[in-house]
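So you can see what is in the structure, the chains are spelled out below.
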Amino acid sequence: MARLRELLKRVDILGVIGDIDCHIEAVTYDSRKCGPGTLFVCIDGFSTDGHKYLGDAAAAGATACLITRDIEIPAGVTAVKVADSRNAMAAVACELYGNPSQRMHLLGITGTKGKTTTAYIYWSIMNSMGYTTGMIGTLGNYVAGNKINTGRSTPTTPESCDLQYTFTYMMDSGAQDAVMEVTSQALKLSRVAYTEYETGIFMNLSRDHITEREHPDMEDYFLSKAKLFSMCKQAIINVDSEYGIRLLSMTSVPVYRMSLEQADIYPTNIHTDHMGMTFDLNTPWGSARVNTNLQGKFNIYNIMAAISACCLRGIDIATAASAVSNVYVPGRLEEVNLNRPYKVLIDYAHTPDSLENVLRALKEDATGRVICVFGCGGDRDHGKRPDMGRISCSIADISVITSDNPRTEEPDAIIDMIEAGAKTAGGKYVRITDRRSAIKYAISIAAEGDVVILAGKGQETYQMFGDRTIPFDERVIVRQVLEELDNEH
Ligand SMILES: Nc1ncnc2c1ncn2[C@@H]1O[C@H](COP(=O)(O)OP(=O)(O)OP(=O)(O)O)[C@@H](O)[C@H]1O
Ligand SMILES: [Mg+2]
């Protein structure tokens, strides 16, 4: 509980109606969650304008509100006008919960690809070493090994009030450490404003999230990600990425450069095979041999970043490196154990870049054919569709073009766009709109030594059509279609 004036001390106030010294004990942007003592933040968002719900918030008992334009204020409610209500909400949330990020060791990871994987590896190492550690990201929110259900909606990076609350929840559960994926959207929309990171990691930047709604262009995308590096005390930056090099010149905190070539953090003696990889990791904190069952060279970056972050936290490199050998990442080249002479892998790759990385990695180690089942999500970047078609058809032996999450788009119209790129590559492909049928087909043609890769869904266990979401867990589907195929024979 605190006075509103106190909670707003870092915010420029443009006007006040009512009592700014009122007591506040909760903050939300959802009028349905308001009650006495609540500060309701009116956010003019993508799908709706929070100002419209001020009446509902007041009826539910809200004590005060933050507004960005002059509107009629219900009687008895204090209103404070600010320029940017998302930013103000973040400031209030940090104060209300006592600035939890200042009291924790927080690791933030940004980049187009590798955030979830790196966060997961770090979190696994830390917990296995006895550090109770929280994790916030695509896989959900966890503390130690337990999933946290805060009853609040959670995109990869939660809204500021949910985020700060989650930090305090983690601390109450005994965590002094946490790792989070910091998306460019979250940085742009002030979800993590006023959060203090001990270490920030920049993985890479490639074409994704370039839509009118998210980022108008690559520059906006890059500058959003770059914000993280003014919010951390030290940074690990992948300098094999041209944007990483640019970021170096913009970053004033101590930086550890990560590369596949010689740098502060780099690998030598890399050996890969179908079982995984081994390499020597060289860092300012010493060297250690890493043994991992993760596949794909890009995972070397993820592992290097995760282990280095552990070293920055004071953990011995050899101990951290040996913990990696037990780490499996859900939905990241995850094998469905079937006891068949071919392999079925599930991977989250849903961008040209990651599809290319995954397929190249599989192709390098394959003894048979690589059969790739993939699609592209609806209501998202159209530019990547032909690229993904071209990439799959130039690397995989057989591409099965299907649906991802069509959302409000016509599935076949999305596939047409993918096919336009597929045609230019010359590789073998088929189109099967229904994803389940596509998986069944791919498995039906798999022969000894082949690898069937189901790209796009990863850990997701649903498929989204229009405003309908249906259960779709590929681990389950693979087993079902196999049984059907066995019965058909
Ligand atoms: N360091 C990397 N560089 C390039 N590709 C990667 C890297 N790490 C993982 N990938 C590929 O990208 C896919 C997504 O990885 P991951 O979920 O770790 O990334 P993310 O940054 O969390 O993505 P999202 O923003 O979609 O949550 C993986 O399945 C893999 O195919
Ligand atoms: Mg992620």
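Q: For this particular structure, what's the right way to read the overall build of the protein?
A: Per the secondary structure count, the protein includes 15 helices and 26 strands. A globule of 489 residues ought to have a C-alpha radius of gyration of about 23 Å, and the protein, at 24 Å, matches this closely. Principal axes of the C-alpha set define a box for the protein whose edges measure 75 × 55 × 40 Å. Counting the 489 residues in the protein, one finds 50% classified as buried. For the protein, long-range pairs separated by at least 24 residues make up 66% of all intrachain contacts whose partners lie at least 6 apart in sequence.

Q: What is the right way to look at the site of ligand 1 in this model?
A: What surrounds ligand 1 is a group of 22 residues, the closest being Gly114, Lys115, Thr116, Thr117 and Ser354. Taken together, the elements giving at least two residues each to the shell around ligand 1 come down to helix 4 (115-128), helix 9 (298-312) and helix 11 (352-365). A per-class count over the shell around ligand 1 returns six nonpolar, eleven polar and five charged. A domain-level breakdown of the shell around ligand 1 finds at least three residues from each of domain 2 (100-324) and domain 3 (334-488).

Q: Help me understand unusual backbone geometry, please; the structure alone is not making it clear to me.
A: Glycine aside, residues mostly have negative phi, and peptide bonds are mostly found in the trans state. One non-glycine residue, Leu333, adopts positive backbone phi at about 45°. By secondary structure assignment, the location of Leu333 is in the loop between helix 10 (317-324) and strand 19 (334-335). You will see that Arg407, though not glycine, has its phi angle at about 50°, which is positive. Tracing the backbone shows Arg407 in the loop between strand 22 (398-401) and helix 13 (411-425). With 18 C-beta atoms counted inside 10 Å, the residue Arg407 sits in the partly exposed group.

Q: Just checking my understanding: could you explain the packing of helix 9 against helix 10 for this structure?
A: A packed helix pair is summarised by two numbers, namely the angle formed by the two axes and the spacing between the axes. Across the interface, helix 9 lies against helix 10 with an axial gap of 9 Å and an inter-helix angle of 140°. As the angle between them shows, helix 9 and helix 10 are arranged oblique. Helix 9 and helix 10 meet at a crossing whose hand is right-handed. Seen from helix 9, the contacting residues are Ile303, Ile307, Cys310 and Cys311; seen from helix 10, they are Ile317, Ala320, Ala321 and Val324.

Q: So what exactly am I meant to see when it comes to the sheet that holds strand 20 (residues 343-347) here?
A: The strands making up a sheet associate through hydrogen bonds between their backbones, and the pairing can be parallel or antiparallel. Ordered by their spatial adjacency, six strands build an open sheet running 19-20-24-21-22-23, and the pairing between neighbours is mixed. Bordering the open sheet on either side are strand 19 and strand 23 (428-431), each of which pairs with just one other strand. Bridge count between strand 20 and strand 24 (residues 451-455): five bridges; the pairing is parallel. Looking at strand 24, one finds that Asp347 is bridged to Ala455.

Q: Would you mind going over the nonpolar core with me for this structure?
A: One recurring pattern in soluble globular proteins: nonpolar side chains tend to sit buried together. Residues Cys65, Tyr122 and Ile307 are the most contacted members of the largest nonpolar core, which totals 109 residues. Element by element, the count of residues in this core is highest for helix 9, at twelve residues. Taken domain by domain, the makeup of this core includes at least three residues from each of domain 1 (2-96) and domain 2 (100-324). Look past the residues within four positions of Cys65 in its chain and what remains in contact with it is Leu39, Phe40, Cys42, Leu54, Ala57, Val77 and Ala79.

Q: Explain the environment of Gly50 to me, please; I cannot follow it from the model alone.
A: Locating Gly50 in the fold gives a position in the loop between strand 5 (38-41) and helix 2 (54-59). Under the C-beta neighbour-count criterion, Gly50 is labelled buried, with 21 such atoms within 10 Å. A sequence separation of 18 residues divides Gly50 from Arg32, and the C-alpha atoms of the two residues are 11 Å apart. Setting aside residues no more than four positions away along its own chain, Gly50 makes contact with Tyr29, Val41, Cys42, Ile43, Asp44 and Gly45.

Q: Is there a simple way to explain the sheet that holds strand 18 (residues 286-292) in this structure?
A: Strand order in the open sheet made by the three strands is 16-17-18, with antiparallel pairing throughout. The sheet terminates laterally at strand 16 (266-273) and strand 18, the two strands that pair on one side only. Sheet twist, expressed as the mean angle between neighbouring strand axes with direction ignored, is 10°. The pairing of strand 17 (residues 276-283) with strand 18 spans seven bridges and is classified as antiparallel.

Q: Quick question: what am I supposed to make of the domain arrangement of the protein here?
A: In many analyses, interface size is given as the accessible surface area lost on bringing the parts together. Here the protein is described as being made up of domain 1 (2-96), domain 2 (100-324) and domain 3 (334-488). Using C-alpha coordinates to define each centre, domain 2 is positioned 27 Å away from domain 3. Taken together, the contact pairs 15 residues of domain 2 with 13 residues of domain 3. In terms of residue class, the side of domain 2 that touches domain 3 is made up of three nonpolar, seven polar and five charged.

Q: When you look at helix 3 (residues 85-96) in this model, what are you seeing that I'm missing?
A: For an α-helix the count is 3.6 residues per turn, leaving residues at separations of three or four pointing the same way. Between its terminal C-alpha atoms helix 3 stretches 16 Å, which fits the 16 Å expected from twelve residues at 1.5 Å a residue. Counting buried positions over the twelve residues of helix 3 gives eleven, a clear majority of the element. Those residues of helix 3 lying buried are Ser85, Arg86, Ala88, Met89, Ala90, Ala91, Val92, Ala93, Cys94, Glu95 and Leu96. Two residues or fewer after helix 3 comes Gly98, characterised by a positive phi angle close to 75°.

Q: Honestly, helix 11 in this entry has me stumped. Any pointers?
A: Taking 1.5 Å of rise per residue, 14 residues should cover 20 Å, and helix 11 covers 20 Å from first to last C-alpha, within 8% of that figure. Here helix 11 lies mainly inside the structure; ten of its 14 residues are buried. When helix 11 is considered as a whole, its buried residues turn out to be Pro352, Asp353, Ser354, Leu355, Glu356, Asn357, Val358, Leu359, Ala361 and Leu362. Looking at the packing, one finds that the buried side of helix 11 touches helix 9, strand 20, strand 21 (370-374), helix 12 (384-395) and strand 24.

Q: Mind showing me how you'd approach the pairing of strand 9 (residues 133-137) here?
A: Note on strand geometry: in a regular strand, side chains alternate between the two faces of the sheet. Across the five residues of strand 9, five count as buried, placing the element largely inside the fold. Where burial is concerned, the two faces of strand 9 agree: the one with Thr133, Met135 and Gly137 and the one with Gly134 and Ile136 are both buried. Of the pairings in the sheet, the one linking strand 9 to strand 12 (residues 177-181) comprises four bridges and is parallel in character. Bridge assignment links Gly134 to a residue of strand 12, and that residue is Ala178. Two elements, strand 9 and strand 10 (residues 140-143), share four bridges in a ladder whose sense is antiparallel. Within strand 10, the residue paired with Ile136 across the bridge is Asn141. In this structure, the hairpin formed by strand 9 and strand 10 is closed by a connection of two residues.

Rules behind the numbers
Residues numbered from 1 in each chain as written. Chains lettered and ligands numbered in written order. Predicted model: local features only at pLDDT ≥ 70, side-chain atom pairs only at ≥ 80, totals over all residues. Helix = DSSP H or I, 4+ residues; strand = E, 2+ residues; numbered from the N terminus. Rg over C-alpha atoms; globule rule 2.2 N^0.38 Å. Buried ≥ 20, exposed ≤ 12 C-beta atoms within 10 Å, placed from the backbone. Contact = placed C-beta atoms within 7 Å. Near = placed C-beta within 6 Å. Nonpolar A, V, L, I, M, F, W, Y, C, P; charged D, E, K, R; others polar. Domains from an automatic or database assignment. Axes fitted to C-alpha atoms, helices over the stretch in contact; angles between N-to-C directions. Parallel < 35°, antiparallel > 145°, perpendicular 65-115°, else oblique. Left-handed = near helix turned anticlockwise from the far one by under 90°. Pairing = 2+ DSSP bridges. Core = buried A, V, L, I, M, F, W, Y, C linked by C-beta atoms within 7 Å. Expected span 1.5 Å × (residues − 1).

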